[in-house]
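Report on the structure
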Amino acid sequence: EAQVTQNPRYLITVTGKKLTVTCSQNMNHEYMSWYRQDPGLGLRQIYYSMNVEVTDKGDVPEGYKVSRKEKRNFPLILESPSPNQTSLYFCASSDQTLPGTEAFFGQGTRLTVV
Amino acid sequence: SQQGEEDPQALSIQEGENATMNCSYKTSINNLQWYRQNSGRGLVHLILIRSNEREKHSGRLRVTLDTSKKSSSLLITASRAADTASYFCATVVAGKSTFGDGTTLTVKP
């Protein structure tokens, strides 16, 4: 089954404790992206990757890091989480051989930083 | 501010009625996509319309695109309670994607 898998689904952590949210896709997609969603708002792009070893900043990259060492994985790293990073996070992937084709989303990671 | 902005923010209708939501964007695009999100879950792709298309249909969905006005609309016909969700438009330009703030649709049985 084609899917994007995020882990964990829920996470409560303390300020300053480094964490990683993993994202994996099984569709051989070149393009992967991370978003955060806050109450009443749409998704805001954090980082995206057009291919292995290629990453770019989205609209809200501050406080986040990503890496794309292999095609299927695109982890999101919070080196020193702060309460304003409490949010719902989504990973997505799409096939960029046909620009603008649909993105497949993971089920989300609800992060709380206390 | 967001590239895509939806209007209205919230819409409540009776089952069987049609629902129309609108999206405006600011820059030139190659295509525009609509997504649906059930409460707190991942987004699901509904339909994509390219910049050289004016209208597209998929089942009970009808999407229009007016590039001169930089706007798109999503029409859901004969709505069902199961259509209750949030709907977002999205654009992708050079890899950067932008989502609107969404329209929350409630369909009452």
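A short tour of the structure in this document, coming up. Keep in mind the model is a prediction, meaning the values are calculated, not measured.

1. Points about the pattern of salt bridges
Under the counting rule described, the total for this entry stands at nine salt bridges over all chains. The residue Glu79 of chain A makes a salt bridge to Lys65 of chain A at a minimum N-O spacing of 2.9 Å. Here the residue Glu79 of chain A occupies a position in the loop between β8 (76-78) and β9 (87-94), and Lys65 of chain A occupies one in strand β7 (residues 65-66), the gap between them amounting to 14 residues. Judged by its relative accessible area of 36%, Glu79 of chain A is partly exposed. Using a relative accessible area of 41% as the deciding quantity, one classes Lys65 of chain A as partly exposed. Across the pair Glu55 of chain B and Arg62 of chain B runs a salt bridge whose closest N-O atoms are separated by 3.1 Å. Residue classification places Glu55 of chain B among the partly exposed positions, given a relative accessible area of 40%. Members of the salt-bridge network, linked through shared partners, are Lys18, Lys65 and Glu79 of chain A.

2. Observations concerning the state of the cysteines
A covalent bond bridging the sulfur atoms of two cysteines is what the word disulfide describes. All names here are of chain A. Summed over the entire model, instances satisfying the criterion amount to two disulfides over all chains. Covalent S-S linkage joins Cys23 and Cys91, the inter-sulfur distance amounting to 1.8 Å. Disulfide Cys23-Cys91: torsion about the S-S bond near -75°, hence left-handed. One end of the pair, Cys23, is in strand β3 (residues 19-25); the other, Cys91, is in strand β9, and 68 residues separate them in sequence. Of the two residues, Cys23 and Cys91, neither departs from the other in class, the shared state being buried.

3. What about the interface of chain A and chain B?
Contacts between chain A and chain B engage 25 residues on the former and 21 residues on the latter. Carbon and sulfur atoms make up 47% of the surface buried where chain A meets chain B, a total of about 1,700 Å² over both sides. Counting across the chain A and chain B interface gives one salt bridge. Taken together, the connections running from chain A to chain B amount to six residue pairs in polar contact (both at pLDDT 80 or more). When contributions to the side of chain A that touches chain B are tallied by element, the ones reaching two or more residues are β4 (31-37), β5 (43-51) and β9 of chain A. Here the side of chain A that touches chain B gets five residues from one element, more than from any other, and that element is β5 of chain A. Looking at the side of chain A that touches chain B residue by residue, the classes come out as 11 nonpolar, nine polar and five charged.

What counts, and at which threshold
- Residues numbered from 1 in each chain as written.
- Chains lettered and ligands numbered in written order.
- Predicted model: local features only at pLDDT ≥ 70, side-chain atom pairs only at ≥ 80, totals over all residues.
- Heavy atoms only, no water.
- Salt bridge = Lys/Arg side-chain N within 4 Å of Asp/Glu carboxyl O.
- Helix = DSSP H or I, 4+ residues; strand = E, 2+ residues; numbered from the N terminus.
- Buried < 20%, exposed > 50% of the residue type's maximum accessible area, 1.4 Å probe, protein only.
- Disulfide = S-S within 2.5 Å.
- Contact = heavy atoms within 4.5 Å.
- Buried area = accessible area lost by both parts, 1.4 Å probe.
- Polar contact = N/O pair within 3.5 Å; in protein donor to acceptor, adjacent residues only side chain to side chain.
- Nonpolar A, V, L, I, M, F, W, Y, C, P; charged D, E, K, R; others polar.

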